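Residue-level listing of the chains:
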Amino acid sequence: MTCAPPAFETIFRIPGEHRLESAGMLGRGGRVFGICWFHQEYDRLDRLVARYETYDEIGADGAPRCGWRRYDEAGRLTLDHEVGMRWAALVERLSRREAETALQHPRDHAVDLVPA
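So, how was this worked out
- Residues numbered from 1 in each chain as written.
- Predicted model: local features only at pLDDT ≥ 70, side-chain atom pairs only at ≥ 80, totals over all residues.
- Heavy atoms only, no water.
- Helix = DSSP H or I, 4+ residues; strand = E, 2+ residues; numbered from the N terminus.
- Buried < 20%, exposed > 50% of the residue type's maximum accessible area, 1.4 Å probe, protein only.
- Pairing = 2+ DSSP bridges.
- Axes fitted to C-alpha atoms, helices over the stretch in contact; angles between N-to-C directions.

(A) Structural context of unusual backbone geometry. Phi at R13 is positive, roughly 55°, even though this residue is not glycine. Its place among the elements puts R13 in the loop between α1 (8–12) and β1 (19–28). The class for R13 is partly exposed, based on a relative accessible area of 40%. Even without a glycine there, the phi angle at D46 is positive, about 70°. Along the chain, the position of D46 falls in the loop between β2 (34–42) and β3 (48–58).

(B) Spotlight on the sheet that holds β3. Strands sit in the order β1-β2-β3-β4-β5 across an open sheet of 5 strands; the sheet is antiparallel. Each edge of the sheet is formed by a strand with only one pairing partner; in this case those strands are β1 and β5 (77–83). Direction aside, the axes of adjacent strands within the sheet are offset by 15° on average. With 6 bridges joining them, strand β4 (residues 64–72) and β5 adopt antiparallel strand pairing. Bridge pairing links R69 to D80 in β5.

Structure, rendered in structure tokens:
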């Protein structure tokens, strides 16, 4: 179940006049598998607006999940959202566009994500 990562600009709803830059990626293998992407958002005046951490993993409890966290420029957590399945499974179950929408903030889109 390999697939390309989500469109991060879509998930985070980055305004058109802002830019999102990759700040790296980390991975871990073994029983507790995971991939984590890091991004920074800048406004049109090149000021840091937010930092993002996106993850796709199987936790120590064996549960699959993917989600993200948004931190403000001072490093305070401002938003987060998690889905109870891996990204590839989400894309397999929904269309890619629906999967990216499901990863946006939960107030904006409700999807039944209980594995079939």
